[in-house]
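What the coordinates show
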Amino acid sequence: MRKVIAIDGPSGAGKSTVAKRLAAEFGFRYLDTGALYRAIALGLVNNGIREDASDETIRRALNDMKVEFTRGRVTLDGLDVEDSIRLPEIGHCSSVFSARGPVREHLMPVQKLAAENNDIVVEGRDMTTVVFPDAWIKVYLDASVEARAKRRFDQLREKGIEADMEGASRDVTERDERDSSRDIAPLRRADDALYIDSSNLSALEVIAMVKKACDKEAVR
Ligand code: DC
């Protein structure tokens with residue numbers, strides 16, 4: 001039977017680094033669901049869809065939109081958009097549009113399909129609670145606002161994107177507030193998820209903790 005390692009948590013908690021490395025070590029597929037939401041947001045923005053558009057308008061725009069995630073990169077209608085989706089404006093729009101029903105409905109089958117015939121490491125906001133509630137391993141990866149802002153700042157700088165600490169801190173705080181308080185599939189910690197606070201841990205230490213949970217589960 002396929003195995004799903006599901007990791008949820010707020011932005012900047014270190015989910016991507018941990019999920020990617022775990023997938024590589026275990027030989028599992030890797031799915032960054034945030035990239036799917038970002039690509040959809042980019043598509044909607046490119047189509048001139050406003051943040052306050054009706055569900056019907058959004059649904060119609062999504063009808064012709066195809067998002068895929070393969071080998072660590074996301075495509076929108078066949079075009080690689082991995083770089084443009086990382087811009088802070090798209091981060092903001094993805095958080096806004098991801099609260100909308102038609103967007104979540106559109107991406108549900110894409111996520112399920114990725115795990116259909118594959119062992120997989122998935123990361124996002126509702127992996128452990130909504131999309132893969134029966135996942136083999138569930139993790140909630142958290143960190144302080146300061147640690148997350150610092151990571152976000154470093155990531156943007158690394159990609160050559162202009163950033164300052166104050167802006168990074170405002171961005172993670174606003175996004176988490178929105179992602180946690182929305183009506184549909186809000187970010188929350190599943191009761192049976194392993195809780196890890198990564199504020200003072202290295203990626204390797206977090207990975208070791210998740211691997212320990214996998215070992216424990218494997219012998220059950
Ligand atoms: O993980 P990320 O920062 O790339 O995600 C961008 C946005 O997408 C995030 O602010 C909320 C949304 N998202 C979501 O609603 N559900 C997911 N499973 C993943 C991301």
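Just above, that's the structure.
Read on for an overview of the structure. In this text, all values refer to a predicted model and were calculated from it rather than measured experimentally. (Residues numbered from 1 in each chain as written. Predicted model: local features only at pLDDT ≥ 70, side-chain atom pairs only at ≥ 80, totals over all residues. Heavy atoms only, no water.)

Right, let's get into the packing of aromatic side chains. Per the stated rule, a full pass over the model turns up three aromatic pairs. With 5.5 Å between their ring centres and 75° between their planes, Phe 26 and Phe 28 make a pair best called edge-to-face. When the ring of Tyr 30 is compared with that of Phe 69, the centres are 5.7 Å apart and the planes differ by 75°; the resulting orientation is edge-to-face. Remark: Phe 69 occurs in strand 3 (residues 67-70) and Tyr 30 occurs in strand 2 (residues 29-32); sequence separation between them is 39 residues. Each member of the pair, Tyr 30 as well as Phe 69, carries the same accessibility label: buried. (Phe/Tyr/Trp six-rings, centres within 6.5 Å; stacked < 30°, edge-to-face > 60°. Helix = DSSP H or I, 4+ residues; strand = E, 2+ residues; numbered from the N terminus. Buried < 20%, exposed > 50% of the residue type's maximum accessible area, 1.4 Å probe, protein only.)

A few words on the pattern of salt bridges. This structure, assessed with the given rule, holds 20 salt bridges. A salt bridge links Asp 176 to Arg 148, with the shortest nitrogen-to-oxygen separation between them at 2.3 Å. Of this pair, Asp 176 sits in helix 8 (residues 165-181) while Arg 148 is found in helix 7 (residues 145-158), placing the two residues 28 residues apart along the sequence. We classify Asp 176 as buried; its relative accessible area is 9%. Here Arg 170 ties to Glu 166 by a salt bridge, and the two come within 3.9 Å at their closest N and O atoms. A residue pair is termed a helical-turn pair when its members lie 3 or 4 positions apart in one helix, as Arg 170 and Glu 166 do in helix 8 at four residues. Here the salt bridges share partners, and the residues they tie into one network are Glu 56, Arg 59, Arg 60 and Glu 105. (Salt bridge = Lys/Arg side-chain N within 4 Å of Asp/Glu carboxyl O.)

Okay, unusual backbone geometry next. Its identity as a non-glycine residue notwithstanding, Asp 77 has a phi of 50°, on the positive side. In this fold, Asp 77 is placed in the loop between strand 4 (73-76) and strand 5 (79-80). Positive phi outside glycine occurs at Ala 185, with the angle close to 45°. Assignment of secondary structure puts Ala 185 in the loop between helix 8 and strand 8 (194-197).

This brings us to the site of the ligand. By nearness alone, 15 residues border the ligand, and Arg 38, Arg 104, Arg 175, Asp 179 and Arg 182 come closest of all. A distance of 2.8 Å separates an oxygen atom of the ligand from a polar atom in the side chain of Arg 104. With respect to the ligand, the side chain of Arg 175 contributes an N or O atom lying 2.7 Å from an oxygen atom. Considering the ligand on its own, with 450 Å² of exposed area, one finds that the protein chains cover 97% of that surface. With four residues, helix 2 (residues 33-46) is the single largest residue contributor to the shell around the ligand. Residue composition of the shell around the ligand, grouped by class: two nonpolar, six polar and seven charged. (Near = heavy atom within 4 Å. Polar contact = N/O pair within 3.5 Å; in protein donor to acceptor, adjacent residues only side chain to side chain. Areas by Shrake-Rupley, 256 points an atom, 1.4 Å probe, with all protein chains shown as cover. Nonpolar A, V, L, I, M, F, W, Y, C, P; charged D, E, K, R; others polar.)

Quick look at the environment of Ile 90 now. Assignment of secondary structure puts Ile 90 in helix 4 (residues 88-97). Among the residues examined, Ile 90 registers a relative accessible area of 7% and is labelled buried. A C-alpha to C-alpha distance of 20 Å links Ile 90 and Val 145, two positions 55 residues apart in sequence. Residue contacts for Ile 90: discarding those within four places in its chain leaves Arg 38, Ala 41, Leu 42, Ser 84 and Ile 85. (Contact = heavy atoms within 4.5 Å.)

Limitation: the analysis is restricted to geometry and does not speak to function.
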